[in-house]
Amino acid sequence: MVESSRPELLQTGPLMAMIEQQLAEHFTVHRLDKGDADALLAQAGPNIRAVATGVGATAGGANRVNEGLLARLPKLEIVANFGVGYDAVDVTAAAARGIVVTNTPGVLDDEVADLSVGLLLATLRRIPQADRFLRAGNWPKGGFPLGATLRDRSIGIVGMGRIGQAIARRLAGFGRPIAYHSRRPVEGLPYPHYPVLRELAAAVDVLLVIVPGGPATDRMINAEVLEALGPNGVLINVARGSVVDEPALIAALESGTIAAAGLDVFANEPHVPDALIAMDNVVLLPHIASATHVTRNAMGQLVVDNLLAWRDGREPLTPVPETPLPVRR
Ligand code: NAP
Ligand code: 8YV
């Protein structure tokens, strides 16, 4: 039974205009990031039935949907997350309260895989550095130094889910050996599975990380794994900054324990350590793997469609595995 045709919705931070326009059309929207959050929660919290969250809630973002926030929203039924990664939402607490959490899987796989391969090539072949070299007027003084190649490398993919598999399909075209690490092997894949991450790192020359963030993967790329990757090794992280022990990575890059890194994500976004910015053997991107008009619009529409399905009394389209709950009504 649908309580209201315009349910009260809490938006934790800015979202794309196309999302905000549709939310305003179908919901009574309260903004947690505008004005006094505490006063807003005291006044509107008891009637909030839906949350829309995303940008700004990842990594170190302030507006995480945690137990403290959930406790102030006693009528909450759904949290719709913009992004396939939902590490900024406490799904265990949500499940315990019978709240369904949705994310945006599938619609961004190819986009993120394209960027991952681009970042790998940019890091290995030093494409941004070559661009800077030319712009600085250095070419007439001599050619850009010779560098590393993909031709003699094997690639280890950490996380072989939707995006990991889209990356592997692309990298197969490069004719280099591929292996992967995940907790369980994926049936039917032709690549060797390494149940122990350190053993994968020791066996390959490139580690490309595309696992979810959260406690289970927290700093899984640590000093020991980087040591195993070795002095010819390259780390590519398109997963979450939390997955890498950032100080250990900086130390490994500075000491030559590994050769180079390509990073789309950081521990405390949007802040990037000065030590990384000062290095010449890293390529740094501002979390852009899905950042195209087409893909972000598809993600945004999925956020809205999940909320509208719930509002209309249907099952949300893409609940996360931890909360595959029927809507509580
Ligand atoms: P997915 O389909 O759920 O795949 C996740 C993969 O990680 C699975 O192979 C899973 O296998 C593995 N995994 C999970 N926990 C693990 C652990 N503790 N140890 C080892 N492997 C583990 O997810 P997806 O759609 O491919 O997305 C993956 C992640 O990429 C997202 O959660 C997000 O954080 C990140 N991402 C980043 C961007 C960006 O803009 N940079 C864009 C999109 C996604 P097992 O369960 O068998 O271990
Ligand atoms: C988004 C992402 O940039 O989907 C994810 O998990 O990391 C990216 O696609 C991010 O969710 C926006 O906050």
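Please refer to the structure placed before this passage.
Draft legend 1. Local environment of the site of ligand 1. Taken together, 27 residues sit near ligand 1, with Met160, Ile163, Arg183, Arg184 and Asp264 positioned nearest. Separating an oxygen atom of ligand 1 from a backbone N or O atom of Arg183 is a distance of 2.8 Å. Here Ala216 contributes a backbone N or O atom positioned 3.5 Å from a nitrogen atom of ligand 1. In isolation ligand 1 offers 920 Å² of accessible surface; the protein chains occlude 88% of this area.

Draft legend 2. Fine view of helix α2 (residues 37–44). Of all the residues in α2, the buried ones are Leu40, Leu41 and Ala44. One face of α2 carries all of its buried residues, which in axial projection span an arc of 95°. Seen from the buried face of α2, the exposed residues on the opposite side, beyond 90 degrees, are Ala42 and Gln43. Contacts made by the buried residues of α2 are with β1 (8–11), β2 (28–31) and α3 (67–71). In this structure Asp36 caps α2, since a side-chain oxygen of it lies 3.0 Å from the backbone nitrogen of Asp38.

Draft legend 3. Quick look at the pairing of strand β10 (residues 260–263). Across the two faces of β10 the burial is the same, with Ala260 and Gly262 and Ala261 and Leu263 all buried. Pairing of strand β9 (residues 234–237) with β10 involves four bridges; the strand directions are parallel. Across the sheet, Ile236 pairs through a bridge with Gly262, a residue of β10. Regarding topology, helix α10 (residues 246–255) serves as the crossover connection from β9 to the parallel β10, and that connection is right-handed. The sheet contact formed by β10 and strand β11 (residues 282–284) spans three bridges and is parallel.

Draft legend 4. Geometry of helix α5 (residues 109–124). Over its 16 residues, α5 runs 23 Å from end to end, which matches the ideal 22 Å to within 8%, given 1.5 Å per residue. Residues of α5 that are buried: Asp109, Val112, Ala113, Leu115, Ser116, Val117, Leu119, Leu120, Ala122, Thr123 and Leu124. Positive phi shows up at Arg126, right after α5, with a value of about 55°.

Draft legend 5. Layout of empty space enclosed by the protein. Per the counting criterion, the structure on display carries one cavity of 30 Å³ or more. Every residue lining the largest cavity is listed: Asn237, Gly241, Val244, Glu246, Leu249, Leu263, Val265, Phe266 and Leu276. Its residues placed into classes, the lining of the largest cavity shows six nonpolar, two polar and one charged.

Draft legend 6. Highlighting the site of ligand 2. Every one of the eleven residues lining ligand 2 counts as a neighbour, but Gly85, Arg240, His287, Ser290 and Arg296 are closest to it. Separating an oxygen atom of ligand 2 from a backbone N or O atom of Val84 is a distance of 2.8 Å. Contact with the protein chains removes 90% of the 330 Å² of surface that ligand 2 exposes when unbound.

Draft legend 7. Broad picture of the packing of helix α1 (residues 17–26) against helix α12 (residues 293–311). Interaxial distance between α1 and α12 falls to 9 Å at its minimum, and their mutual angle equals 15°. With respect to their mutual orientation, α1 and α12 come out roughly parallel. Considering only the axes of α1 and α12, their crossing is right-handed. Taking contact as the criterion, the partners of Met18, Ile19, Gln22, Leu23 and His26 in α1 are, on α12, Asn297, Gly300, Gln301, Val303, Val304, Leu307, Leu308 and Arg311. Tallied by class, residues from the contact of α1 with α12 come to seven nonpolar, five polar and one charged.

The rules we used
- Residues numbered from 1 in each chain as written.
- Chains lettered and ligands numbered in written order.
- Predicted model: local features only at pLDDT ≥ 70, side-chain atom pairs only at ≥ 80, totals over all residues.
- Heavy atoms only, no water.
- Near = heavy atom within 4 Å.
- Polar contact = N/O pair within 3.5 Å; in protein donor to acceptor, adjacent residues only side chain to side chain.
- Areas by Shrake-Rupley, 256 points an atom, 1.4 Å probe, with all protein chains shown as cover.
- Buried < 20%, exposed > 50% of the residue type's maximum accessible area, 1.4 Å probe, protein only.
- Helix = DSSP H or I, 4+ residues; strand = E, 2+ residues; numbered from the N terminus.
- Arc of directions from axis to C-beta.
- Contact = heavy atoms within 4.5 Å.
- Pairing = 2+ DSSP bridges.
- Right-handed = clockwise from strand over helix to strand, strands pointing away.
- Expected span 1.5 Å × (residues − 1).
- 1 Å grid on protein atoms, 1.4 Å probe; cavity = no way out; pocket = protein on both sides within 12 Å on 5 of 7 lines; lining within 4 Å.
- Points joined across faces, edges and corners; volume = space filled by probe spheres on them.
- Nonpolar A, V, L, I, M, F, W, Y, C, P; charged D, E, K, R; others polar.
- Axes fitted to C-alpha atoms, helices over the stretch in contact; angles between N-to-C directions.
- Parallel < 35°, antiparallel > 145°, perpendicular 65-115°, else oblique.
- Left-handed = near helix turned anticlockwise from the far one by under 90°.

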